[in-house]
Amino acid sequence: MRWRLLACLPALCIIVQGCDPVSPRRETVLRIANWGGAGEDSDFDKVLQKIYRDFESQHPGVRIRIENNPDGYVQKMILSFIAKAEPDIMMLDASSAAIFIDNGVLSDLTPLIESDHFRLSDYYQNVVDIARRGKALYAIPQDFTPVVVYYNKRLFERAGVPFPKAGWNFDEFLQTAKKLTVRGPGASTADPPDIAGFSFTNWMAGWVMWLWNNAGDVVSPDGKHASGYLDSPKNVETVAFLRDLVQKYRISPSISQTAAMGVDPFANGQAAMAVSGHWSMIGYANAPKDAAGKPKITWDDLGVVEMPHQTSRPNTVMYESGYAIGKNCKHKELAWEFIKYMTSYRVQKLYQDSGIAVCGRIDVAEQRARNPKVPVEAQFIPIIPSCRPPYGSRIEGYEVVEQMGQNAMDSMLQNGEDVQVALSKAAKRVDREFAKKL
């Protein structure tokens, strides 16, 4: 197997030590690994515990053991497979799915799906297909998030600016952001705006969609090199546009200005638009409060719209998690029973009340979209057809591209490096890293 992260071998002892001792009651322990942290006795954790205990009561003699790995999840899972100490079920993150699927350590679920008449039609097809290779399927989705443009309705109304609509382009985005940017009397354009039209974050996983929406791409179709793609004329044009939002038009705080604030400008009511995923809804629900004790942004203030685009249709990335079974799982039938249980309508209806993502099940997602208490939820549904999987679901080692892309953006925004030069350097570095895999 072409594992690339063997430098983490010291963690192997931790994994081996985590194996269950032989139980005197001969109970069957079903191990499920994820990247979550230890339970905090929150309402959601209590719901989860009840879900697990209900499964155990339906399967006498079975005990669920959740193995949380909040740090270095991918590396620890790789090492567990190498040590043959892998869990029965692992949560497969779309961003790193390729390294597990392409190394042949997961079970093809197709025989189980077909023998059980399991209805994949209950799930969004483009979400299911993230873990598909030909006729083989390696995971059943739990939930996912499109990356979208959030906007603060309160700030739009205060500025007298119409809410953004689907089908907008880059220039319409820029003009909207300009109208929403507010600076106090005597402030210069070098100062951070009192209200930013947009809050840009240099996280390539959160800005790659801008490239797609100007007909650009990141790597070659075979996933083997970045030169000619990452540094293409279209990408130079797009990245220059993003740079200018910060440096020329000053409608977004700079990276250093945002860091100095110590808060998320959008959640703090200091930015009218931001690009993020559904996970941000949790943070917005717990937004900072003003001097009068009122939240600086509420769910009623939130609007969601598709990414602006210069193409015939919009594109965005979706980050998804699904349940996968190890190829050498000793309790494969039981693991499949657990996956069916966890992805059932009844369980997902309870699980998705946290609001952290969009459910992979169409029925649960659309039911949540009709919840009058969270009107913004419905605005995610029309965006789902434009969702594309992250490259990490298809390209092993893609994380190096995201690191190089972020470094290139940093060099442009903080050191004034030329866009073409920065992207070309990044593309060549990616090519060198990819060449090591061949």
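Residues numbered from 1 in each chain as written. Predicted model: local features only at pLDDT ≥ 70, side-chain atom pairs only at ≥ 80, totals over all residues. Heavy atoms only, no water.

J.: Please clarify how the pattern of salt bridges should be interpreted in this entry.
T.: Side-chain pairs of opposite charge can arise whenever the charged atoms involved come near each other. On inspection of all chains with the given rule, the structure shows 18 salt bridges. Where Lys 50 meets Asp 54, a salt bridge forms, and the shortest distance between an N and an O atom there is 2.9 Å. Of this pair, Lys 50 and Asp 54 both sit in helix α2 (residues 43–58), 4 residues apart, which is roughly one turn of the helix. Using a relative accessible area of 53% as the deciding quantity, one classes Lys 50 as exposed. Here Arg 368 makes a salt bridge to Glu 377, at a shortest N to O gap of 3.4 Å. Of the two residues, Arg 368 and Glu 377, neither departs from the other in class, the shared state being buried. What you see here is one network of salt bridges that share partners, running through Arg 119, Asp 122, Arg 361 and Asp 363. (Salt bridge = Lys/Arg side-chain N within 4 Å of Asp/Glu carboxyl O. Helix = DSSP H or I, 4+ residues; strand = E, 2+ residues; numbered from the N terminus. Buried < 20%, exposed > 50% of the residue type's maximum accessible area, 1.4 Å probe, protein only.)

J.: Explain unusual backbone geometry here, please?
T.: A negative phi angle is the norm for most residues apart from glycine, just as the trans form is the norm for most peptide bonds. Look at Lys 84: it is not a glycine, yet its phi comes out positive at around 55 degrees. Its place among the elements puts Lys 84 in the loop between α3 (73–82) and β3 (89–93). Of note, Arg 250 is a non-glycine position whose phi angle comes to about 55 degrees, a positive value. Relative to the helices and strands, Arg 250 resides in the loop between α10 (233–247) and α11 (255–261).

J.: When you look at helix α8 (residues 170–180) in this model, what are you seeing that I'm missing?
T.: Think of an α-helix as 3.6 residues a turn; residues three or four steps apart then line up on the same face. Taken together, the buried positions of α8 are Phe 170, Phe 173, Leu 174, Thr 176, Ala 177 and Leu 180. In an axial view of α8, the angular spread of the buried residues amounts to 165 degrees, which keeps them on one side of the axis. Residues of α8 that are buried make contact with α7 (153–159), α9 (204–212), α10 and β8 (273–276). Put simply, Asn 169 is the residue that caps the front of α8, since its side-chain oxygen is 3.1 Å from the backbone nitrogen of Asp 171. (Arc of directions from axis to C-beta. Contact = heavy atoms within 4.5 Å. Polar contact = N/O pair within 3.5 Å; in protein donor to acceptor, adjacent residues only side chain to side chain.)

J.: Help me out: how do you make sense of the sheet that holds β8 in this one?
T.: Think of a sheet as strands paired side by side through backbone hydrogen bonds, with each pair either parallel or antiparallel. Strand order in this open sheet of 3 strands is β8-β7-β9, and the pairing throughout is antiparallel. Bordering the open sheet on either side are β8 and β9 (302–305), each of which pairs with just one other strand. If you compare each strand with its neighbour and ignore which way they point, the axes differ by 30 degrees on average. In the sheet, strand β7 (residues 148–152) pairs with β8 via 4 bridges, with the strands oriented antiparallel. Note on β8: the bridge partner recorded for Tyr 151 is Met 273. (Pairing = 2+ DSSP bridges. Axes fitted to C-alpha atoms, helices over the stretch in contact; angles between N-to-C directions.)

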